[in-house]
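Working through the structure, step by step
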Amino acid sequence: MSSIWWLLALHLALAAAAPVVARSQGSRVMLFCALAPAATLVWTIVAAVSGGADADAITGVGWVPELGLELTLRVDAFALLWTGIISGVGVAVFVYSASYFEGDPDVGAFATRLTAFAGAMLGIVVADNLLLLYVFWELTSVTSYLLIGTKDKAPEAVAAARRAFVVTAAGGLAMLAGFVAIGVQTSTFSLSALVDNPPSGTTATIAAIAILLGAFTKSAQFPFHGWLPGAMAAPTPASAYLHSATMVKAGVYLIARFAPIFVVAVPVWRPTVLTVGLFTMVFGGWVALRQNDLKILLAYGTVSQLGFLVVLFGVGVPSVTLAAVVMLVAHALFKSSLFLVIGVIDQHAGTRDLRTLTGLARSLRVTCVAAVLAAASMMGLPPLLGFVGKEKALEGFIDTSDGWSSTVLVAVVAGSILTVAYSARFLQGGFGGGDPDPVSRVSRRVRTMGLVAAVGSVAGLLGGLLAAPLRDIFVPAAASLEPSVAGSKVKLWAGFNEALLLSAIATVGGLVVFASTDRLGRLQRQLNVPVSWTTVYDGAVSRLYTVAERTTATVQNGSLPVYLGVIAATTLGVPAGILLVDVALPADAVAAESMLQVAACLLVAGTAIMAAVSGRRFVAALAIGGVGYGVALLFVIQGATDLALTQFLIETLSVVALVLVLRHLPEQFPAVPWKLGRVLQGAVAAVVGVSVVVLTLTAGSSRSTPSASNYYLDRALPDGGGKNVVNVILTDFRALDTLGEIAVLVIAALGVTSLLLVLPGGVPARRLRTGDSILLTRLANAVVPIALVFSAFLLFAGHNAPGGGFVGGLVAGAALTLEYARGGRGALERIVPFDPRLLLGGGLAIAALTGVAGLLGGGEFLESSKLEVDVPVLGTMKATSALPFDVGVFMVVVGLVVTVLARLGSASEPSRATYTERDGNEEPSVVGSPS
Amino acid sequence: MNVLAQADTLPISEPEIWWFALSPLLTLVGGALLLMVVGALTPQWPRGLYAFVSAMIGGAAGVLAIFNWDDISDNGPATLVGGALAFDTFAMWSTIVISGAVVLVSMLADEYIRDTPNDGPEIYALLLVAAAGGIVMASANDLIVLFLGLETLSLAFYVLAASNRRSDASAESGLKYFLLGGFASAFFLYGIALVYGATGSTNIGEMVTSLANRGDSGNDVLALAGIALLLVGLGFKIAAAPFHVWTPDVYQGAPTPITAFMASAGKAAAFGALIRVLISGLPSFRDDWQPIIWVLAVASLVVGSFLAVVQRNVKRMLAYSSVSHAGFILVGVEAAAHTAGEADGGMGISSVQLYLLLYSVIVIGSFGVVALVAREADADLSVFDGLAKRKPLLAGAFTIFLLAQAGVPFTTGFIAKFGVIQAGVDAESYGLAIIAMVTAVIAAFVYLRIMVAMWQKDVEDDAPAITVPVSAAIAIGFAAVFTLVAGLYPSLLIDWSDAITLVR
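Residues numbered from 1 in each chain as written. Chains lettered and ligands numbered in written order. Predicted model: local features only at pLDDT ≥ 70, side-chain atom pairs only at ≥ 80, totals over all residues. Heavy atoms only, no water.

1. Notes on the overall build of chain A
When its secondary structure is counted, chain A shows 36 helices and six strands. In chain A, once contacts between residues fewer than 6 apart in sequence are set aside, the share between residues at least 24 apart is 77%. Carbon together with sulfur atoms contributes 68% to the accessible area of chain A, which is approximately 39600 Å² in total. (Helix = DSSP H or I, 4+ residues; strand = E, 2+ residues; numbered from the N terminus. Contact = heavy atoms within 4.5 Å. Areas by Shrake-Rupley, 256 points an atom, 1.4 Å probe, with all protein chains shown as cover.)

Right, dumping it as structure tokens:
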């Protein structure tokens, strides 16, 4: 365990303890929490002084080794520089906060968040494992979300916090994707291992872009910069910490670490970094010039400076990297100082508007000196540290004689001109103005804060003056990124050279620009694009809401037809696409063999259309029956009498069942309110139909093995003892299947019974007018007995001729339906004067027993046996064991029909109690029938 | 003369049945029958006993699966019952996930259905039957067997969704699920028929052999159309966009513990089936179905996260988020597709199974909290206002689940998402991995909204009291602790999931 773990743990512990301490100590809790950065600072100094011997040590503990996630830390000189910056600025900000939050009841929560944030930031810079780095990275996103939205109730702060979180967290996820890509390619997640063994190729390019996305969002680079000015809603100490030394710097840190890895391997790295960084530098400076809120001005200034740092670290030129390290420290010092100055001004004057501030130079003297020093460092004036960094950077670019370096120089000078101009605007706005300060008394609190603010400025001054001795800090830090800079020097005064000339140009130019700010203001207003980042972001979010709402309203409206339409349309979109590419219709396809076929098809098509367009449920139900009849007709034409017979009967019974159900529903279909909807429904239906036809034809033409039917045709008589192949299959070859099916049928019938038993009142059923139609009575009287006898014939003849138990049962069922239509339930009860469940159970039992008989006869379950008996007069009677099986099927089918009729036929009809459940809720029955 | 008896013409040898390998399945089926029969013949059992027995049966099935897992690790995978079922670590993993879901959901359901007309053995029996169906789906080595499992699961789900007889929404949910599910099943069956036409077999092993030997001459239209239709059926079951349309309505209407079961066991079963069909059965066509998986994944990610944002009802939000999770899991499937049929199958399948396990616990916990908070009321977001002040522990648990769903580090959600992303990147599906990442941010909006409501809003005065029964508290507590502990120390689970293989 390295000592750095203890520092991280200390942050966590103090963060956890902060609310408790705040309860008794108020804002002094910030001093308590300052122990964490202070300890880190001491540790950093000790580590730096004791020499870098063990500073490079990597300490690793496996956490989730399967994912490559290891708790590996690495504290090299560069990391040490960072811990120094983070903790040094941290101490200042924490001490400052103790005064800033005096009397604020929410200081406990703030202390927790800020301390946790400091710990997470510390984690980022010491993590060697990329996944660990990611974890800390997202922790800073979360804690900064809480810091920005710290005034929980202010809606604008919450919105700004959310924007910051979404942008940075999204970037973080992109970065994670990049890390994973690297890890997969190089099979290591260790930063230090990557330096020795950089990835290359497409994977590396994608990873580099993803990592840059993470860095750019975090460092507020164009076009992701917009969250940063919004984040100024945070309390000023948080802004000072987040936007000088931490948070936004994390992106810079990431670029610094990855530039040596990617700058050669990934050709797009340098152009991307340069373009984005330089543009952001100029853009940020330009926008900062027209701000009137000091804090927002500084925020855009930060955006600009971050662009500069991104360029310096990202360009991957060793001498520039050294400059970047100096600039990094300088920026942390002057920017934290300036933000803290704003806090002083804000607390003293109650405003940050540079148009109303006046006379502060006299009333806040210390603060003013601090601001001037810091701003001078930001402008890059000697003898401050900012000057050292900028000179070094310009020198580095001048020495690089690549094609791009002159362009970079021009852009950097342009950015510097703007920097000088907005720095001057900051000073003039904050401390200028001849009128006396309206607030006469400077409180002790504000004085303390001013002193703390000055610390960074003075450090910047000392840093500049002591630049040469401080090389022992800067050069090793840069060398741990670019080993070749190890022997370089850092000097305050490098003599009169081109870099100094450029600096002079920038300074003079900047002052000229500042002097002509008013004229520039007009130009800016003309150039100003009337869209801001916030409006674009908020517009995108609200667009997201609208689109989502609209989509859910149309697609997810709870309508089954719509759902089904979506599924069907997608289903067919996919296979139809495949089929259109590679469709193969049978070569010998014939449109139609006879006019009869055409007529049947027309019947089908006509009734189908009728069913679709009809507004009345009854008509639609009848039309669907018509479709079935048409199909049955086609079966007849093709010679499949058995099939046709079954189809006819099934259709008839279905229509009857439908009609019985429809009595419970309104007569008309509900109107479709959406006209376009009907058209769409029609279109989807048409596409579905056509696709199924094409699919069927294709399937028919794709046969590669001989048809299975030949086998059955050959074996039906010898093995099954019957000439009707369909029936033989049902009762013999696949008898087990049939047994299963009738079992299901029985269960379904019982299910119908019990379900309809609990049917709630709902729409009262329209009564069928039974028993008053003479025509129907005559017809039924004539047909029903004949049909019943015929059904018996079908049952017994079925094994050799068309028919069988199933068809027979359906015919009997149809006869019973007719009888029901004539006389209602009473009439039905006279023919079947017992509980129809007896039919269901009995039929199933008989069928099963037949099978058992086969078993007892020494064969298999359901194996058929033949019996031949010479009967006088009639001749030889042949019977197989398929017959009783068929009888069972017959009984089940009849039982089902009677059950359905009895149940659907509504409780309000007169009947005996035969079909009434014990626990039924039907009306008292009437003995006898009205007919 | 029965076909089975035609020993001279069609030699059929009786399949050898390896009873112990089937024991998890038999335990669930036997348990369901036991509950039904004994429950019907005896008077009302004491409080909680039905749920306890159900949880015990689920637990027993899970333990048996662990024994079988050891057996497979020692002796290698095999097929059972004449090649109908696969006996491999993949099947056992799914069995463990589904059995675990039975245990947790039984504990949630106990108090939920107390004093309703459903306070009997039926709900639990249906849960067990559905679980058995799900296990068959994930273990099937034959398309017909897979379909049997699918229907067993689905029919039980239809009834369970409609089981709250006091609620119209529940009835509507069941009916919608039934009708749409019927269509999906029909598509699936049609697909089986076409694939059978193309390959001459429904057995997955034989399909692979037949397709590998098919040469160039064959017309693939039949097989391709069949695959497309199979994908519709499976897409419906995994609730991948655009076949997800039923999900919000059904998840919202169904009794909340049932929703939890659908989102956990239902997804695990359906993804198991998807992988059996595509990765095991149809690797020869992987270039054809892989783009479809890609599209389904993107559509699910986008639809699931974007549409969740505007929901007001927490159950609907979680329903949409389950769609986006399906998208994430599909990222893993897509990764596995790159190496389907090869000896080194990559990490796709392991990542998918790990995701399913971790997500199941998270989602059961989430719906468990919703079941308690929005017991009677509609689960409108406002019901959750100020939950942190009323029930801090419950709000804390829910926060853990929501963070996990968002994929925040230190929770299992992160491990799950990381696994599939890693698999995707390993298979060089960069685009998909990045889309998944981006949509995860949008999805985070939703979780953020619920958390803000719980922690920052004030309690409504007339809010009904929330009681937390012991069994539900144990289930939710376990889920929360698991989500955190396994999020911190996932090594063991990852090691186990790496051992997942499919029988070949």
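Text resumes after the structure shown.
2. Concerning the overall build of chain B
The helix and strand inventory of chain B stands at 19 helices and two strands. The C-alpha atoms of chain B give a radius of gyration of 22 Å, which matches the 23 Å a tight globule of 504 residues would have. When its C-alpha atoms are laid out on the principal axes, chain B stretches across 80 × 60 × 40 Å. Across the 504 residues in chain B, those meeting the buried criterion constitute 64%. In chain B, of all internal contacts separated by at least 6 residues, the share reaching a separation of at least 24 is 82%. Summed over its atoms, the accessible surface of chain B is roughly 17100 Å², and 65% of this surface lies on carbon and sulfur atoms. (Rg over C-alpha atoms; globule rule 2.2 N^0.38 Å. Buried < 20%, exposed > 50% of the residue type's maximum accessible area, 1.4 Å probe, protein only.)

3. As for helix H14 (residues 294-314) of chain A
The terminal C-alpha atoms of H14 of chain A lie 30 Å apart, and with 21 residues this matches the ideal 30 Å at 1.5 Å per residue to within 8%. One or two positions beyond H14 of chain A, positive phi appears at Gly 316 of chain A, with a value near 75°. (Expected span 1.5 Å × (residues − 1).)

4. Details of the interface of chain B and chain A
Listed as interface residues are 60 residues of chain B and, on the opposing side, 62 residues of chain A. Taken over both partners, the interface formed by chain B and chain A buries close to 5900 Å², and the fraction arising from carbon and sulfur atoms is 75%. Here chain B is connected to chain A by zero salt bridges. Our count for the contact surface shared by chain B and chain A stands at two residue pairs in polar contact (both at pLDDT 80 or more). (Buried area = accessible area lost by both parts, 1.4 Å probe. Salt bridge = Lys/Arg side-chain N within 4 Å of Asp/Glu carboxyl O. Polar contact = N/O pair within 3.5 Å; in protein donor to acceptor, adjacent residues only side chain to side chain.)

5. Comments concerning the packing of aromatic side chains
Under the criterion given, the structure shown has 36 aromatic pairs over all chains. Note on Phe 262 of chain A and Trp 269 of chain A: the rings are 5.5 Å apart at their centroids and 35° apart in plane angle, and the pair reads as tilted. This pair shows no difference in class: Phe 262 of chain A is buried, exactly as Trp 269 of chain A is. Taking the centre distance of 5.3 Å and the plane angle of 70° together, the rings of Tyr 158 of chain B and Phe 178 of chain B count as edge-to-face. (Phe/Tyr/Trp six-rings, centres within 6.5 Å; stacked < 30°, edge-to-face > 60°.)

6. Some thoughts on the environment of Val 63 of chain B
Note that Val 63 of chain B resides in helix H2 (residues 49-75). Placed 36 residues apart in sequence, Val 63 of chain B and Ser 99 of chain B show a C-alpha to C-alpha distance of 8.9 Å.

7. Considerations on helix H4 (residues 122-139) of chain B
Its 18 residues place the ends of H4 of chain B 25 Å apart at the C-alpha level, agreeing with the 26 Å of an ideal helix rising 1.5 Å per residue. Where burial is concerned, most of H4 of chain B is hidden: 15 out of the 18 residues are buried.

8. Section: the confidence of the model for chain B
Residues and elements named next belong to chain B. Looking at chain B as a whole, the pLDDT averages 88, with 95% of positions reaching at least 70. The low-confidence segment residues 1-10, where pLDDT is below 50, has 19 contacts with residues more than four positions distant or belonging to other chains. The complex prediction reports pTM at 0.80, with the ipTM value standing at 0.81. (pLDDT = per-residue confidence, 0-100.)

9. Some thoughts on the side chain of Ser 87 of chain A
Position of Ser 87 of chain A relative to the elements: it lies in helix H4 (residues 77-100). Excluding anything up to four places from it in sequence, Ser 87 of chain A contacts Pro 37, Thr 40, Leu 41 and Thr 44 of chain A.

10. Considerations on the pattern of salt bridges
Residue and element names in this part refer to chain B. Across all of its chains, the model carries 16 salt bridges over all chains by this definition. A salt bridge links Arg 316 to Asp 249, with the nearest nitrogen and oxygen atoms 3.2 Å apart. Taken as a pair, Arg 316 in helix H12 (residues 314-338) and Asp 249 in helix H9 (residues 246-253) lie far apart in primary sequence, 67 residues in all. The same class applies to Arg 316 and to Asp 249, which are both buried. Through salt bridges with shared partners, a single network forms among Glu 172, Lys 176, Asp 249 and Arg 316.

11. Description of empty space enclosed by the protein
Residues and elements named next belong to chain B. Considering all chains together, one arrives at 13 cavities of 30 Å³ or more under this definition. By volume, the largest cavity amounts to about 100 Å³. If you trace the largest cavity, you find 13 residues lining it, with Ala 21, Leu 25, Met 92, Ile 135 and Ser 139 closest to the centre. Elements that contribute at least two residues to the lining of the largest cavity include exactly helix H1 (23-41), strand E2 (85-87), helix H3 (89-113) and H4. Tallied by class, the residues present in the lining of the largest cavity amount to 11 nonpolar, two polar and no charged. (1 Å grid on protein atoms, 1.4 Å probe; cavity = no way out; pocket = protein on both sides within 12 Å on 5 of 7 lines; lining within 4 Å. Points joined across faces, edges and corners; volume = space filled by probe spheres on them. Nonpolar A, V, L, I, M, F, W, Y, C, P; charged D, E, K, R; others polar.)

12. Regarding the packing of H14 of chain A against helix H19 (residues 403-431) of chain A
All names here are of chain A. Running from N to C, H14 and H19 cross one another at 155°; their axes reach a closest spacing of 11 Å. Here H14 is positioned roughly antiparallel relative to H19, judged by the angle of their axes. Viewed along their axes, H14 and H19 form a crossing whose handedness is left-handed. Within the contact between the two elements, H14 uses Leu 294, Leu 297, Leu 298, Gly 301, Ser 304, Gln 305, Phe 308 and Val 311 and H19 uses Val 408, Val 412, Thr 419, Tyr 422, Arg 425, Phe 426 and Gly 430. Class assignment for the residues of the contact of H14 with H19 results in nine nonpolar, five polar and one charged. (Axes fitted to C-alpha atoms, helices over the stretch in contact; angles between N-to-C directions. Parallel < 35°, antiparallel > 145°, perpendicular 65-115°, else oblique. Left-handed = near helix turned anticlockwise from the far one by under 90°.)

13. A closer look at unusual backbone geometry
A cis amide bond links Pro 382 of chain A with the next residue in sequence, Pro 383 of chain A, at an omega value of 5°. By the element assignment, Pro 383 of chain A lies in the loop between helix H17 (365-379) and helix H18 (385-399). Note the cis peptide between Ala 241 of chain B and Pro 242 of chain B, where omega equals 0°. Position of Pro 242 of chain B among the secondary structure elements: in the loop between helix H8 (221-238) and H9. At Val 81 of chain B, a position not held by glycine, the phi torsion is positive, near 50°. Structurally, Val 81 of chain B is set in the loop between strand E1 (78-80) and E2.

14. Observations concerning the confidence of the model for chain A
Residues and elements named next belong to chain A. Taken over all residues, the pLDDT of chain A has a mean of 81, while the share at 70 or more is 87%. This stretch, residues 760-764, has a pLDDT under 50; its non-local contacts, to residues over four places away or in other chains, come to two contacts. For residues 916-931, every residue scores under 50 in pLDDT, and the model assigns this stretch 29 contacts once sequence neighbours within four places are set aside.

15. Here we look at a nonpolar patch on the surface
Residues Leu 139 of chain A together with Phe 410, Val 481, Leu 484, Val 485, Leu 488 and Tyr 489 of chain B make up a contiguous nonpolar surface patch of roughly 590 Å² in combined accessible area. Note that Leu 484 of chain B resides in helix H18 (residues 470-488). (Patch = residues over 30% accessible without salt bridge, like charges linked within 9 Å, V, L, I, M, F, W, Y side chains within 5 Å.)

16. Structural notes on the nonpolar core
The biggest cluster of nonpolar side chains holds 404 residues, and the ones touching the most others in it are Phe 258, Trp 269 and Phe 313 of chain A together with Trp 289 of chain B. If you tally residues by element for this core, the top one is helix H15 (residues 318-349) of chain A, at 20 residues. Of all hydrophobic cores here, the second largest spans 37 residues; its members include Ala 749, Ala 787, Ala 815 and Val 898 of chain A. (Core = buried A, V, L, I, M, F, W, Y, C linked by side-chain atoms within 4.5 Å.)

17. A closer look at the packing of helix H13 (residues 348-373) of chain B against helix H19 (residues 491-498) of chain B
Residue and element names in this part refer to chain B. Between H13 and H19, whose axes approach to 9 Å, the crossing angle comes to 135°. Taken together, the axis directions place H13 and H19 in an arrangement best described as oblique. By crossing handedness, the relation of H13 to H19 is classed as right-handed. Across from Ser 350, Leu 354, Leu 357 and Leu 358 in H13, the residues of H19 making contact are Leu 493, Ile 494, Ser 497 and Asp 498. A per-class count over the contact of H13 with H19 returns five nonpolar, two polar and one charged.

18. Remarks on the environment of Ala 260 of chain B
Within the secondary structure, Ala 260 of chain B is located in helix H10 (residues 256-281). Dropping the residues within four chain positions of it, Ala 260 of chain B is found in contact with Val 105, Val 363, Ile 364 and Phe 367 of chain B.

19. Here's the deal with the environment of Gly 386 of chain A
All names here are of chain A. Assignment of secondary structure puts Gly 386 in helix H18. What makes Gly 386 buried here is its relative accessible area of 0%. With residues near it in sequence (within four places) discarded, Gly 386 still touches Met 327, Ala 330, Ser 377 and Gly 380.

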